[in-house]
Amino acid sequence: MNDMRHVAVLGAGLIGAGWAALFGLCGRRVTVIDPHPQAAARVAEAVAQARPVLAALGLAPVATPAIGFVASPSQLDDDVALVQEALPEDAALKRAAFEQLEPFIAADTLIASSSSGCLPTPMQAGLAHPQRLFIAHPCNPPWLMPLVELVPGRHTDAAVLPRAAAFYQQLGRRTVQLAGEIRGHLVNRLQAALWREAVHLVASGAASVEQVDLAVTEGLGARWACCGPHMIFHLAGAERGMAGFLDNLGEAVEQWWADLGTPTLDEETRRLLIEGMQAATGGREVASLAAARDQGVTHMLRAARALENE
C-alpha cells in the first residue's frame, strides 16, 4: 500500500491550487494534472498565500515544495497514493475524468473528490475500482480552513476513510466522517440554511446585506468559533443545559422556524445582493477582501488552538 508521500491534484482552479499548495508546503510530492497554461501560476500564487498562514499556525512549511505539472493522467508516475480531484461542480464531468484516470493509477490509489455537493455513489458508477472513491470536501481555501468532510459512497470500502483521515490529519486538518452521503454534505447544508434566511431578510427589506453580515460577525460568529450551535443553546439553558433551554425557549424556536423565509434567487434578489455587497465592501477588490479574511481567520485559529492547549 502506498505511503501517501506522492499525491496528485486533478484541476488547478481555486480549490485545486489550494490543495496543491497545502500538500506541497507540508512536504508531499505533488503532481498537478491540468493542461491550462496558467496552472503553474495559479499554484504559485496559492503557495505564496498559504506559506505565511501555515507558518503562523505552526505547521512549518517546507522551503521549496516539490510540485510538478502534467497535462494528462497518462503522464503520472505509478507511485501516486492519492488523487485529489478539484474539477468544476459537474458530476458527469467528474465521473468521466475518473474513468480516464483509472488506467494510469495503481489499484489501491485513493480517489478523493473535492465536490461541495455532488453525491459519491453516482460518480462511482462505471469505475473499475469504485471502492476507493470518496468525497474529501474542504472549506475554502484548503490551506487555511482546518475542516475536511469525508463522505463515503455506497461502494466505498470501509478501510478507505480511516486511511484518508490519517493523511489529512498529518497535514494539520481536522476531519469529520459522515455515516452516509447527503446532498451538500454537512458544512454546506448548514451554511445554506443560514444564507437562505440571510437572503430572505435582505429580499424582504428587513435588513441590508451589511447589517446581516454584521449580525453574524459580531453576534454569532465569535461564539461559533468556540462553540457549535448545539453547545450555544446548551449554555443558554444555564445549569440545566439543553433541557433547560428546550423547556424555556423550545416553543419559541419552533415559532421562529415556522416564520423563516423561502427566498428564490430571481433577478430582483440577485440585484439586491450584488448591490448590497458593493455597498458593504466600499468597492474593495475581492483579492483585498480575501487577504483580510485570511489574516483574520489565521489569528482566530491561533487563539482557538492556544485555548485548547491551556
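What you are looking at is a predicted structure, and each value in this text was computed from that prediction instead of being measured. (Residues numbered from 1 in each chain as written. Predicted model: local features only at pLDDT ≥ 70, side-chain atom pairs only at ≥ 80, totals over all residues. Heavy atoms only, no water.)

Student: Looking at this structure, I do not really get the packing of helix α6 (residues 187–203) against helix α10 (residues 267–281). What am I missing?
Tutor: Helix-helix packing is characterised by the crossing angle of the two axes and by the distance between the axes. Relative to each other, α6 and α10 sit at 95°, their axes nearing to 10 Å. In terms of orientation, α6 lies roughly perpendicular with respect to α10. Seen from α6, the contacting residues are Trp195, Val199, Val202 and Ala203; seen from α10, they are Thr269, Leu272 and Leu273. In terms of residue class, the contact of α6 with α10 is made up of six nonpolar, one polar and no charged. (Axes fitted to C-alpha atoms, helices over the stretch in contact; angles between N-to-C directions. Helix = DSSP H or I, 4+ residues; strand = E, 2+ residues; numbered from the N terminus. Parallel < 35°, antiparallel > 145°, perpendicular 65-115°, else oblique. Contact = heavy atoms within 4.5 Å. Nonpolar A, V, L, I, M, F, W, Y, C, P; charged D, E, K, R; others polar.)

Student: Explanation requested: the nonpolar core in the structure shown.
Tutor: Counting residues in each nonpolar core, the largest one holds 40 residues, and the members touching the most others are Phe23, Leu82, Phe134, Trp143, Leu150, Phe167 and Tyr168. Those residues in contact with Leu150, other than ones at most four positions away along the chain, are Phe134, Ile135, Ala136, Leu161, Ala164, Ala165, Tyr168, Thr175, Val176, Gln177 and Leu178. Among the nonpolar cores identified, the runner-up in size contains 19 residues, and Val70, Leu76, Ala97 and Leu127 belong to it. (Core = buried A, V, L, I, M, F, W, Y, C linked by side-chain atoms within 4.5 Å. Buried < 20%, exposed > 50% of the residue type's maximum accessible area, 1.4 Å probe, protein only.)

Student: So what exactly am I meant to see when it comes to the sheet that holds strand β7 (residues 147–152) here?
Tutor: Hydrogen bonds between backbone groups are what pair the strands of a sheet, and the pairing can be parallel or antiparallel. Here eight strands make up an open sheet; going across it, the order is β3-β2-β1-β4-β5-β6-β7-β8 and the pairing mixed. At either margin of the open sheet sits one strand with a lone partner, and together these are β3 (67–70) and β8 (174–177). In this sheet, adjacent strand axes meet at a mean angle of 25° when their direction is disregarded. Of the pairings in the sheet, the one linking strand β6 (residues 133–138) to β7 comprises five bridges and is antiparallel in character. Paired with His137 across the two strands is Glu149, which belongs to β7. (Pairing = 2+ DSSP bridges.)

Student: Can you walk me through the pairing of β6 in this structure?
Tutor: Side-chain direction in a regular strand flips from residue to residue, so the side chains alternate between the two faces of the sheet. Within β6, six of the six residues are buried, leaving the element largely enclosed by the surrounding structure. Covered by surrounding structure in β6 are Leu133, Ile135 and His137 together with Phe134, Ala136 and Pro138, the residues of both alternating faces. In terms of strand pairing, strand β5 (residues 110–113) meets β6 through three bridges, oriented parallel. Looking at β6, one finds that Ser113 is bridged to Ile135.

Student: Any chance you could explain α10 here in plain terms?
Tutor: Given 3.6 residues per helical turn, the α-helix brings residues three or four places apart onto the same face. Between its terminal C-alpha atoms α10 stretches 21 Å, which fits the 21 Å expected from 15 residues at 1.5 Å a residue. Among all positions in α10, only Thr269, Leu273, Gly276 and Thr281 are buried. Each buried residue of α10 sits inside an arc of 115° when the element is viewed along its axis, so together they form one side. Those residues of α10 that are exposed and aimed more than 90 degrees away from the buried face are Glu267, Ile274 and Ala279. Following α10 by one or two positions, Gly282 has its phi on the positive side, about 60°. (Expected span 1.5 Å × (residues − 1). Arc of directions from axis to C-beta.)

Student: Explain the side chain of Thr269 to me, please; I cannot follow it from the model alone.
Tutor: Tracing the sequence through the fold places Thr269 in helix α10. Relative accessible area serves as the criterion here: at 7%, Thr269 is assigned to the buried category. At a separation of 3.2 Å, a polar atom in the side chain of Thr269 contacts the main-chain carbonyl oxygen of Thr264. Non-local contacts of Thr269, meaning those with residues more than four positions away in its chain, are made with Val199, Ala203 and Thr264. (Polar contact = N/O pair within 3.5 Å; in protein donor to acceptor, adjacent residues only side chain to side chain.)

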